[in-house]
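Given next are the chains, with one letter for each unit.
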Amino acid sequence: MSGPAIELEGITKRYPGVIANDHVDLAARVGEIHALVGENGAGKTTLMRVLGGLTPPDEGTIRVRGREVSFASAADAAAAGIGMVHQHFTLVPVFTVLENVVLGDEPGFIGGLDGVRDRVVELAGTLGFSIDPDRIVETLTVGERQKVEILRTLLRGARILVLDEPTAVLTPQESRDLFKLLRRLVKEGRTVLFISHRLAEVLAASDRITVMRGGRSVTTIAAAGATEGDLARLMVGREVLLPSAVRGGSEPGEPVLDVSGARALSDRGVPALSGVDLTVRAGEVLGIGGVMGNGQTELMESIAGLRPLTAGAIVLEGADLLGWDAAARIRAGISFVPEDRLDRGLVATMSVEENLALGLMDDERLFRGPFMRMCALRQRADATLKRMDTRPSDPGLLVSTFSGGNQQKVLLGRAFDSGARLILLMEPSRGLDVGAMEIVFEQVRSATARGVGVLLVSSDLTELMSLSDRILVIRRGRIAGEVHPGETTEEELGLMMAGGGA
Amino acid sequence: MILQDVLTATIFAATPLLLAALGGLLSERGGVVNIALEGIMLFGAFAAAAVTLWTGSPLLGIIAGVLTGALVGALHGTACIYLRADHVISGIAVNMFAASGTILLLKVVYGTKGSSPQLGSLKLLGVPLTVHLAVVALAAVPLVWFLLYRTRFGLRLRACGEYPEAADAVGINVHGYRLAGVVLSGVLAGLAGVFLVMTAGSFAKHMSAGRGYIALAALVFGRWRPVAVAIGCLVFALGRGVQDVLELEIGIPPQLSEMMPYLLTLLVLAVWPLIRRGRSAEPPAALGRPFVRG
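A short tour of the structure in this document, coming up. Because the structure is a prediction, the values reported are computed rather than measured.

The next thing to look at is the sheet that holds strand E20 (residues 453–457) of chain A. Sheet strands pair by backbone hydrogen bonding; their relative direction is either parallel or antiparallel. Residue and element names in this part refer to chain A. Within the open sheet, the 6 strands sit side by side as E16-E19-E20-E13-E21-E22. Their pairing is mixed. Taken across any chain shown, the strands that pair with only one partner, and hence form the sheet edges, are strand E16 (334–337) and strand E22 (478–483). Direction aside, the axes of adjacent strands within the sheet are offset by 20 degrees on average. Here strand E13 (residues 285–289) pairs with strand E21 (residues 470–475) via 4 bridges, running parallel.

Moving on to the pairing of strand E19 (residues 422–426) of chain A. Two faces belong to every sheet, and in a regular strand the side chains alternate between them. Residue and element names in this part refer to chain A. The element E19 is largely enclosed, with a buried count of 5 among its 5 residues. Burial of E19 is two-sided: the residues Leu 422, Leu 424 and Met 426 facing one way and the residues Ile 423 and Leu 425 facing the other way are all buried. Bridge count for E16 against E19 is 4 bridges, and the pairing is parallel. Residue Val 337 lies in a different strand from E19, and its bridge partner there is Leu 425. Here 5 bridges tie E19 to E20, and the two strands are oriented parallel to one another. Residue Leu 424 lies in a different strand from E20, and its bridge partner there is Leu 455. As for the winding sense of the linkage, the β-α-β connection from E19 through helix H15 (residues 434–449) to E20 is right-handed.

Time to look at empty space enclosed by the protein. To find the voids left in a structure, one rolls a probe of water-molecule size over its atoms. Residue and element names in this part refer to chain B. As enumerated under the stated definition, the model contains 3 cavities of 30 Å³ or more in all. A volume near 70 Å³ is recorded for the largest cavity. Counting only elements with at least two residues in the lining of the largest cavity, the list comes to helix H1 (2–29), helix H9 (211–221), helix H10 (226–250) and helix H12 (260–275). Sort the elements by how many residues they give to the lining of the largest cavity and H10 lands first, with 3 residues. Each residue belonging to the lining of the largest cavity can be placed in one class, and the counts come to 6 nonpolar, 1 polar and 2 charged. Estimated volume of the second largest cavity: approximately 50 Å³.

Right, let's get into the packing of helix H2 (residues 37–55) of chain B against helix H8 (residues 174–200) of chain B. Residues and elements named next belong to chain B. One can describe the packing of H2 onto H8 by two numbers: an axis separation of 7 Å at closest approach and a directional angle of 55 degrees. Judged by the inter-axis angle, H2 sits oblique to H8. The element H2 and its partner H8 pack so that their crossing is right-handed. In contact with Leu 37, Ile 40, Met 41, Gly 44, Ala 45, Ala 48, Ala 49 and Thr 52 of H2, H8 contributes Ser 185, Gly 186, Ala 189, Gly 190, Ala 192, Gly 193, Val 194, Leu 196, Val 197 and Met 198.

What follows is about the interface of chain A and chain B. Contacts between the two partners involve 25 residues from chain A, matched on the other side by 19 residues from chain B. Roughly 1800 Å² is buried in total at the junction of chain A and chain B, and carbon and sulfur atoms are behind 63% of that figure. Linking chain A to chain B there are 1 salt bridge. One salt bridge in this structure joins Arg 158 of chain B and Glu 99 of chain A, with 3.5 Å as the shortest N-O distance. Our enumeration of links across chain A and chain B arrives at 2 residue pairs in polar contact (both at pLDDT 80 or more). For the side of chain A that touches chain B, the secondary-structure elements that each account for two or more residues are helix H2 (74–79) and helix H3 (97–102) of chain A. Of the residues assigned to the side of chain A that touches chain B, the class counts are 13 nonpolar, 6 polar and 6 charged.

Rules behind the numbers
- Residues numbered from 1 in each chain as written.
- Chains lettered and ligands numbered in written order.
- Predicted model: local features only at pLDDT ≥ 70, side-chain atom pairs only at ≥ 80, totals over all residues.
- Heavy atoms only, no water.
- Pairing = 2+ DSSP bridges.
- Helix = DSSP H or I, 4+ residues; strand = E, 2+ residues; numbered from the N terminus.
- Axes fitted to C-alpha atoms, helices over the stretch in contact; angles between N-to-C directions.
- Buried < 20%, exposed > 50% of the residue type's maximum accessible area, 1.4 Å probe, protein only.
- Right-handed = clockwise from strand over helix to strand, strands pointing away.
- 1 Å grid on protein atoms, 1.4 Å probe; cavity = no way out; pocket = protein on both sides within 12 Å on 5 of 7 lines; lining within 4 Å.
- Points joined across faces, edges and corners; volume = space filled by probe spheres on them.
- Nonpolar A, V, L, I, M, F, W, Y, C, P; charged D, E, K, R; others polar.
- Parallel < 35°, antiparallel > 145°, perpendicular 65-115°, else oblique.
- Left-handed = near helix turned anticlockwise from the far one by under 90°.
- Contact = heavy atoms within 4.5 Å.
- Buried area = accessible area lost by both parts, 1.4 Å probe.
- Salt bridge = Lys/Arg side-chain N within 4 Å of Asp/Glu carboxyl O.
- Polar contact = N/O pair within 3.5 Å; in protein donor to acceptor, adjacent residues only side chain to side chain.

Here it is as structure tokens:
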């Protein structure tokens, strides 16, 4: 039962200027769920890539069930029984479930997918869910896509399943389903290795936990008996203030933002907002909870001026924003942190300074007429990076050289330093570790203390509950209800999001 | 009578467009922009003419045209895939090289600047080769469809054009498949060039006359789907059919009638999006994006 399924010894991977993995050891047993935790940039993802055959290590050995192996490609790792489920799903969106499942391992040159079709349906059945093999992947929910990924690795004979932040994009219910599924897999003698930033779920779902810090494996502990505080301390190397349950009752002031009767279309031209009313007051964090794709993105984009309303009004501190473009709204004091940092947030191939300048075009401390004030910009960028505690902290570096979590900090830093009256936050701590989350939470608190209004969209219910003063639940483009974090539970909120209660 | 003439002229005008457009489709579904169709056609045409003249065998000429197309395709593919050149720039380079290179070859090999000597009889089994090639071009439509949607190769090629990271993650050689797509595209575009030579009976400079670009337009019009692309080719070829009739039977000056195919292409491309408003063209998601393992 508990022999070693996979052992990594002395894995070292150097990149120019950085040691991503420095003699990392890790051993996962047959039949266990093993979690890997660590701060952003601790080397977890590199280790996973080594394990999946995507990145060859410079040094170290990998043993699968006691036999030493070396992987030249993802195919080698798959052949050794290692199945990867990446954070960004590796499914082709326009293909069907079946096409995605067979891709790269097709039964023959021509057709003949019916045998596989039956196996997919059957395996899904034994794992306790159903899936239509002919659905186009694009039309599936994130949770369903993840199941397709898992199915695919299992059909290819994976004995060791490696998942990179599998719950980052799931609702609490979906996460619970996922861990049930994973538990079933390890009972059948497989091994599961997963990365997560959510310490509570790591403790609840895993058997043992390996902690990484600064490219090294610090220790491996049993989940039973450990606390979130223990893990956070091991990860950061010092005491960490975990986000507390509910924030202190600050006095909300005058309304900053008034949205009334807002209607808008999605990219596909179907109604995404069907009459939304909400008010954000000065010094208040208004949370928007909901299963992704229920109009959150369209709501935020409408307010930011990136999507036209088909009806309704948006009023910022008394001024009707009808017809104002995004630049005018930024000038009026709206700052937007989009959900996809590289899609709409930052230009990866430009430096941090330049990215800050792009977001603050009308700040005359940074521009003199058409000219950039390089010194002022450098100082400003330095200050922002220092406050957000990014690593590296040189504002002259390209954004693409930062890890995802640190890019997120740059984006957030720009918003918090912009002097905005209203900050639109989408998934602010997605992909951030506890240390970084601490900083984000701190920034939100100090912004509200200055009287800034914050509208927060998050699929992480813990974050939503800890940061918000009030939470509106959005479902199918309508506000389905309002709750106060102190008077509800994540369970209740999750049910409301799914359309059960309220 | 006129209708029949228009129809025949349309089928023959459509043949090189079909071959080139289906070729472009194979390249672009794999993720490589192929604006080089025009140049590949020219090189293929020259090779077919030269080898036919040299050996006296039009069949060897066809093979030479196809192989040359494959080679030029491989060149464009290597530049785009392995050297990560900009796909459009590389394609333009191929086209300019072909336009002047074939003239240079004409001068060196045949001592002329305009066209090669006549090729003589171009028949197989008593039927003109152009008819054979027209049949091949029409047959290529279902074949390319089958290749894309019913074979392992097609599935993998499309994955490389849509989301190369996903293909890589399941162990598919993204670069290899993309190159294969471009080389196949060269084969078909080369064959389009062969057809032009077999129609004219000799090689003439600039004889592709923008057909590679019209084929690209058909590719966009047909949203990278074989059957729709073929329909696009037929629509654009209709312009050529109408041109012939206008010129030969009604007597419109050639300076005007020669504009027809291009005018029709422009018109269709401009009006079509208005007709099917809201549904934008859907190119392969990773078209023109080099794949670098992260």
